[in-house]
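# A structural walkthrough
This is what each chain is made of:
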Amino acid sequence: MRRFFSIALLTLGLALSCACGGGRTPPGEPSNEDLIVVGMCQVGAESDWRVANSESMKAVFTEENGYRLLFDVARQKQENQISAVRKFIQQQVDYIVLMPISESGWDSVLQEAKEAGIPVILVDRMVNVEDESLYAAHVGSDFRAEGGLAVAWMEETFQGAEDPVRVIHVQGTPGSTAQLGRTAALEEAVEAHGNWELLAQLDGDFTQAKTYEVMTEYLSSLPGKGDVDVVYCENDNIAFGALQALEEQGCVCGEQGVRIITFDATRGALTECLRGKIALAVECNPLLGPLVEEAIQTMEAGGTPEKHRYVEEQIFTSESLTEALIESREY
Ligand code: GYE
């Protein structure tokens, strides 16, 4: 709280106490001066994962829990995020929580935050900066490891196959950590397997609409549509767009046809997986609010939070899923 809000509230408080004899915080409720102010720069609302991630943050950073949350949504544009960080610095918030859209281009603005003495916590994706002291902590997923889980499943599924394994790869937002890690895993595996063939790499920008568009365009000009073995989709919304386009173009998705691989494993994708339309869902856990709070509480107590904290994740196939399991999940 302190700085910006304490000054603003002090001024307001003085004005009110002059006008009406002073106000009191009801017993048991935190007074506004005690709230920790968190400026949060979210990517957008491009995917089901992102919506669950925002909800997780909003559920934790409430006034009842002692926080004032200033929540900014950048609509998938990095320049919007940079302006939001600058605004939070001017407002002298206590902490900045940043879900960076892409990895590069953060040095100057994070340096400004550092000079202002405001710790930055990175969530979900990473930044590529030379000076690691520009952020206090990072909480998220190991995207390269997630890609490794998908590739290991492909190796098992196509074990012993001598025919080509033909893969369409639909990527997430270029330069984002999630795209870079998941792409690296697939590209290395394609290099390592003589019969794996990358038919195309398309940019789906983590959205269903964009993927539907690029997949429809690609498939309409692809001779031999029946020869596609795998569509490696870098998130669930890409998988939804790809599934829609594939079926419209007459491709069968499932064990007898195209195997769709997806990342996130939100409820919608797990449902498609249980129906057999998606072959593999690799989990990416969006419920990061509590871990961000732990990092902030460690700093409030004068400690140093863990620099990188990764959440554990698993894979799902139709055999490992039940309706009850899907219902019991939080996202
Ligand atoms: O997989 C995707 C989202 O960075 C983990 O971004 C995140 C990714 C997630 O839009 O759905």
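### Some words on the pairing of strand 9 (residues 259-264)
- Among the six residues that make up strand 9, six are buried, leaving the element largely enclosed by the rest of the structure.
- Burial of the side chains of strand 9 extends over both faces: R259, I261 and F263 are buried on one face and I260, T262 and D264 on the other.
- Pairing of strand 8 (residues 230-233) with strand 9 involves three bridges; the strand directions are parallel. Pairing of Y232 across the sheet is with I261, part of strand 9.
- Between the parallel elements strand 8 and strand 9, the chain passes through helix 8 (residues 236-248) in a crossover that is right-handed.
- Here four bridges tie strand 9 to strand 10 (residues 280-283), and the two strands are oriented parallel to one another. By the bridge assignment for strand 10, D264 is matched with E283.
- Handedness of the crossover joining strand 9 and strand 10 through helix 9 (residues 267-274) is recorded here as right-handed.

### Here we look at the confidence of the model for the protein chain
- Per-chain confidence: the protein chain averages 92 in pLDDT, with 91% of residues scoring 70 or above.
- Here residues 9-24 is modelled with pLDDT under 50, and outside its nearest four sequence neighbours on either side it reaches seven contacts, counting other chains as well.

### Details of the site of the ligand
- As a matter of local geometry, the ligand sits amid 13 residues, with E46, D124, R125, N235 and D264 nearest to it.
- Here S47 contributes a side-chain N or O atom positioned 2.9 Å from an oxygen atom of the ligand.
- One of the side-chain N or O atoms of N235 is found 2.8 Å from an oxygen atom in the ligand.
- Protein chains bury 100% of the 300 Å² of accessible surface belonging to the ligand in isolation.
- Here the residues of the shell around the ligand sort into five nonpolar, two polar and six charged.

### Digging into helix 10 (residues 289-300)
- When the terminal C-alpha atoms of helix 10 are compared, their 16 Å separation across twelve residues agrees well with the 16 Å that a helix rising 1.5 Å per residue should span.
- Of the residues one or two after helix 10, G302 is the one with positive phi, at around 85 degrees.

### What to know about the environment of R275
- Residue placement: R275 occurs in the loop between helix 9 and strand 10.
- Residue class for R275 comes out exposed when judged on its relative accessible area of 54%.
- Expressed as a C-alpha distance, the spacing of R275 and R309, which sit 34 residues apart in the sequence, is 34 Å.

### Describing the nonpolar core
- Counting 60 residues, the largest nonpolar core has F61, I121, I168, M215, V231 and L246 as its most contacted members.
- If we ignore the near neighbours within four places in the chain, the residues touching L246 are M215, L219, V231, C251, C253, V258 and I260.
- Counting 23 residues, the second-largest nonpolar core is a separate cluster that includes L70, V93, I118 and V129.

### Describing the side chain of R259
- With respect to the helices and strands, R259 occurs in strand 9.
- Here R259 occupies a buried position and makes no salt bridge, while the nearest side chain of opposite charge, E255, is found at 5.4 Å.
- Filtering out sequence-adjacent residues up to four positions away, R259 remains in contact with W153, T157, F158, D229, V230, V231, G254 and A279.

### Re the side chain of E283
- Inspection of the secondary structure puts E283 in strand 10.
- Polar contacts involving the side chain of E283 include one to the side chain of R329, which spans 3.2 Å.
- Here Y331 takes part through its side chain, which lies 3.0 Å from a polar atom of the side chain of E283.
- Each residue touching E283, except ones within four places of it in the same chain, is listed here: E146, D264, A265, E312, E313, Q314, F316, R329 and Y331.

The rules behind these values
- Residues numbered from 1 in each chain as written.
- Predicted model: local features only at pLDDT ≥ 70, side-chain atom pairs only at ≥ 80, totals over all residues.
- Heavy atoms only, no water.
- Buried < 20%, exposed > 50% of the residue type's maximum accessible area, 1.4 Å probe, protein only.
- Helix = DSSP H or I, 4+ residues; strand = E, 2+ residues; numbered from the N terminus.
- Pairing = 2+ DSSP bridges.
- Right-handed = clockwise from strand over helix to strand, strands pointing away.
- pLDDT = per-residue confidence, 0-100.
- Contact = heavy atoms within 4.5 Å.
- Near = heavy atom within 4 Å.
- Polar contact = N/O pair within 3.5 Å; in protein donor to acceptor, adjacent residues only side chain to side chain.
- Areas by Shrake-Rupley, 256 points an atom, 1.4 Å probe, with all protein chains shown as cover.
- Nonpolar A, V, L, I, M, F, W, Y, C, P; charged D, E, K, R; others polar.
- Expected span 1.5 Å × (residues − 1).
- Core = buried A, V, L, I, M, F, W, Y, C linked by side-chain atoms within 4.5 Å.
- Lys, Arg positive; Asp, Glu negative; His and termini not counted.
- Salt bridge = Lys/Arg side-chain N within 4 Å of Asp/Glu carboxyl O.

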